[in-house]
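In case you want the letters, here they are:
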Amino acid sequence: MVIDGFLARQRVVNDRNQIFSFYLAGDMPDLPTLHLPIADCDLCSIGNSTIAAVPHSSLREMMTDSLGLTHAFWRETLIQAAIYREWVENLGARQALGRLAHLLCELTTRMEFVGLADNGSFRIPLTQQGVADACGLSVVHVNRTIQELRALGLSEWENHTVTLLRAQKLQAVAEFSPEYLHQLNPSGGSKITKAGFGL
């Protein structure tokens, strides 16, 4: 389980690194190994991270004793699968501007949900190479796209701090809707939240 920091699931494909997903505080990226003992990707920390490791035997014992915990783990796995499907669509169907905009919208929504973003601003340890690996673009293309988002007045990216300036417009460019994240309302209700951009 990620306690603090930023993890990426990645694999080298045809001599190029491809990032498949990011994991933030509260995520449990390693649940599939409960049933699939051989990992098909590397799980890497981007910058400094703190993780908690729990033996599979302990998890299985807890799941046997708690149906609610079993359901929570199953839900976490399904949400990660939904995020993965969205990433496939992002890489396969969108141009560079939409790809990067969608990544920023997703990260903002997820980071706000766990209290790591403030008013559309958050810090991430990603370099432009990391963004390129996640978006299937070259570093040059990523740099050009970041500049395009800045010129459109949609976002600022200074050092490792990202700020969304016109969140609704950025969502439109990204064709982003947060429903696939399936997050419960942080205020305690069961309604799926539209949070992430103060909507």
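Residues numbered from 1 in each chain as written. Predicted model: local features only at pLDDT ≥ 70, side-chain atom pairs only at ≥ 80, totals over all residues. Heavy atoms only, no water.

### Let's talk about the overall build of the chain
Here is step 1 of the chain: Of the regular secondary structure elements, the chain holds six helices and nine strands.
Here is step 2 of the chain: Over its C-alpha trace the chain gives a radius of gyration of 17 Å, about what one expects of a compact globule, namely 16 Å for 199 residues.
Here is step 3 of the chain: Burial analysis of the chain (199 residues in total) assigns 41% to the buried set.
Here is step 4 of the chain: Here the contacts in the chain between residues at least 6 apart in sequence split such that 62% fall between residues at least 24 apart.
Here is step 5 of the chain: Counting 16 positive and 20 negative side-chain charges, the chain places the averaged centre of each group 6 Å from the other. (Helix = DSSP H or I, 4+ residues; strand = E, 2+ residues; numbered from the N terminus. Rg over C-alpha atoms; globule rule 2.2 N^0.38 Å. Buried < 20%, exposed > 50% of the residue type's maximum accessible area, 1.4 Å probe, protein only. Contact = heavy atoms within 4.5 Å. Lys, Arg positive; Asp, Glu negative; His and termini not counted. Charge placed at Lys NZ, Arg CZ, Asp CG, Glu CD.)

### Comments concerning the environment of Arg110
Here is step 1 of the chain: Positionally, Arg110 belongs in helix H3 (residues 96–113).
Here is step 2 of the chain: Once the C-alpha coordinates of Arg110 and Tyr23 are considered, the two residues, 87 residues apart in sequence, prove to be 9.5 Å apart.
Here is step 3 of the chain: Sequence-distant contacts of Arg110, that is, excluding residues within four places in its chain, are made with Phe22, Tyr23, Leu24, Asp27, Ile83 and Leu181.

### Quick word on the nonpolar core
Here is step 1 of the chain: One finds Phe22, Leu100, Leu103 and Ile124 to be the most contacted residues of the largest nonpolar core, which totals 39 residues.
Here is step 2 of the chain: Elements represented by at least two residues in this core include exactly strand E3 (16–23), helix H2 (67–93), H3, helix H4 (128–135), helix H5 (139–151), strand E9 (161–164) and helix H6 (167–174).
Here is step 3 of the chain: If one sorts the elements of this core by residue count, H3 sits on top with nine residues.
Here is step 4 of the chain: In this structure, Ile124 is in contact with Phe6, Leu107, Met111, Trp157, His160 and Val162, ignoring residues within four places of it in sequence. (Core = buried A, V, L, I, M, F, W, Y, C linked by side-chain atoms within 4.5 Å.)

### A look at the packing of aromatic side chains
Here is step 1 of the chain: Tallied over the full model, the rule gives three aromatic pairs.
Here is step 2 of the chain: Arranged with centres 5.0 Å apart and planes meeting at 40 degrees, the rings of Phe6 and Phe22 form a pair that is tilted. Of this pair, Phe6 sits in the loop between strand E1 (2–4) and strand E2 (7–13) while Phe22 sits in strand E3, and the two are 16 residues apart along the sequence. In this pair, the class of Phe6 matches that of Phe22, namely buried.
Here is step 3 of the chain: Centroid distance Phe22 to Trp87: 5.6 Å. Interplanar angle 70 degrees. Geometry classified as edge-to-face. (Phe/Tyr/Trp six-rings, centres within 6.5 Å; stacked < 30°, edge-to-face > 60°.)

### Side note on a nonpolar patch on the surface
Here is step 1 of the chain: A surface patch of nonpolar side chains, about 220 Å² in accessible area, is lined by Phe113, Val114 and Leu116.
Here is step 2 of the chain: Relative to the helices and strands, Phe113 resides in helix H3.
Here is step 3 of the chain: Phe113 sits in the partly exposed class, given a relative accessible area of 31%. (Patch = residues over 30% accessible without salt bridge, like charges linked within 9 Å, V, L, I, M, F, W, Y side chains within 5 Å. Areas by Shrake-Rupley, 256 points an atom, 1.4 Å probe, with all protein chains shown as cover. Salt bridge = Lys/Arg side-chain N within 4 Å of Asp/Glu carboxyl O.)

### Regarding H3
Here is step 1 of the chain: For H3, which comprises 18 residues, the first-to-last C-alpha distance of 26 Å matches the rise-based estimate of 26 Å (1.5 Å per residue) to within 8%.
Here is step 2 of the chain: Burial analysis of H3 places 16 of its 18 residues in the buried class, which makes it a mostly covered element.
Here is step 3 of the chain: Of the residues flanking the end of H3, it is Gly115, one or two places downstream, whose phi is positive at about 80 degrees. (Expected span 1.5 Å × (residues − 1).)

Everything listed here is a matter of geometry and, on its own, says nothing about what the molecule does.
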